[in-house]
Amino acid sequence: MWVDAGNGAAGDMLLAALLDAGADPEAVRSGLRGLAVEPIDVEVTQVRRHGLRALHADVRAPRSDVSRDLADVTAILTAAALPDEARAFALAVFERLARAEARVHGVAVSEIHFHEVGALDAIADVTGCALALHDLGLLGSAVRVVSPVAAGSGVVRAAHGPLPVPVPAVLELLTEAGAPLRSHPAAMELCTPTGAALLATLATGWGPAPDCVPRATGTGAGSADPEGHPNVLRVLIGEAAGASGWSSAEMRRVDTTVDDLDPRLWPDVLEALRSAGAADAWCVPALMRKGRPGQVLSVLAPPDRLDAVCRVVFEQTTTLGVRVSAVERRSLRRDQVTVTVAGGATVAVKRGLLGGRVVTAQAEYDDARAAAERTGRPVREVLTEALTAARALS
């Protein structure tokens, strides 16, 4: 994936671009409806910016005077029925925002009340982008490159009064992420704090579009339509060029051995690691000193989630140290389809594709079991039928 932020970035622009590139709007709306906040909806319309067609995502939410801090936003996202990868991404974005605001104002992270970035529209933008990225299969091990970012110039009015552009939080976020800046003639705010936090969390690298075979593009529009430039953000989704048919990503592997943890806790530890952004986590039995039974805990994580993963290991296990190594992860392009089995029940099936050919498929067991109960058929028959139907789809 490549994000063209050469004309700036905002949460609604990225969300609109992802929807334009093929993310399911209903998947986004359904996820937003599950947040324990005031009712949120997203209206998507086609617009033109400087002569270019684009989508505009307009968050519809009631006016709210609720002031939310990081703990409040974390509780909302943790309680929501979101896919694990989407939740971890959204949490990481707000953690970055809180750290940046805390450094700018010289206070503890716990003292930060988000003001604009904690408002309902920002919660919707961040969560909506997380859901759209998940729907497109762009989280986890996907390669995500972002262009140099145009931040703008001038003055903007914020909750604390007039601020120079780029506003301090944007500069802090982009500096921490090592993002390259692009000069731009527009005397206006081009990159918002929410947009900067999304790009910083999203990027696995910075620069021009990587070598790839393009599969989809999307263009998201900002609210303004200035005369001097197209106020849009673009995304390009592609597959790695070459004949391999799989994607490669640099990852970090964290290993540690534990022989004194209550074994009932391991499922919760693994779930906490996945929620923190781990691509995978597992345990293998081991025989340790003095013949004691133990577990070797292994975690695979993107480099930008390494600290969060290590924090979970230290907080939720009894280990005193971990081993970290750089590894390459190769993964198939994947999608999810819904098929109808005999009796009219539907079953979701995840598929792995190699060069556009389905080489592996796995039906959601809960869907298959529900379909079996509804139709009075054995679960194994439903699983077989669903897999056959999923492999037959193009």
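Before going into details, it helps to say that this report is about the structure given with it. (Residues numbered from 1 in each chain as written. Predicted model: local features only at pLDDT ≥ 70, side-chain atom pairs only at ≥ 80, totals over all residues. Heavy atoms only, no water.)

Quick look at the side chain of Glu101 now. The topology assignment puts Glu101 in helix α4 (residues 84-105). Of the side chains with opposite charge, Arg103 comes closest to the buried, unpaired Glu101, at an N-O distance of 10 Å. Contact partners of Glu101, with chain neighbours within four places excluded, come to Ile112 and Ala169. (Helix = DSSP H or I, 4+ residues; strand = E, 2+ residues; numbered from the N terminus. Buried < 20%, exposed > 50% of the residue type's maximum accessible area, 1.4 Å probe, protein only. Lys, Arg positive; Asp, Glu negative; His and termini not counted. Salt bridge = Lys/Arg side-chain N within 4 Å of Asp/Glu carboxyl O. Contact = heavy atoms within 4.5 Å.)

We now examine the pattern of salt bridges. Counted under the stated rule, the structure contains 22 salt bridges. For Glu43, the salt bridge is made with Arg60, and the minimal N-O distance between the two is 2.9 Å. Taken as a pair, Glu43 in strand β2 (residues 41-49) and Arg60 in strand β3 (residues 52-60) lie far apart in primary sequence, 17 residues in all. A salt bridge links Asp335 to Arg351; the nearest nitrogen and oxygen atoms lie 2.9 Å apart. Of this pair, Asp335 sits in strand β15 (residues 323-340) while Arg351 is found in strand β16 (residues 346-354), placing the two residues 16 residues apart along the sequence. Its relative accessible area of 3% is what places Arg351 among the buried residues. A network of salt bridges, in which partner residues are shared, links Arg96, Arg99, Arg103, Glu172 and Glu176.

Of all 10 residues making up helix α1 (residues 11-20), 9 are buried, and the element is well covered by its neighbours. Taken together, the buried positions of α1 are Gly11, Asp12, Met13, Leu14, Leu15, Ala16, Ala17, Leu18 and Leu19. In the segment just after α1, Gly22 is the residue with positive phi, at about 125°.

Looking at where Leu270 falls in the secondary structure, it is placed in helix α8 (residues 266-275). Since its relative accessible area comes to 15%, Leu270 is described here as buried. Taking the C-alpha atoms as reference points, Leu270 and Gln316, separated by 46 residues in sequence, lie 9.8 Å from one another. In this view, Leu270 contacts Ala281, Trp282, Cys283 and Leu297; residues no more than four positions away in its chain are not counted.

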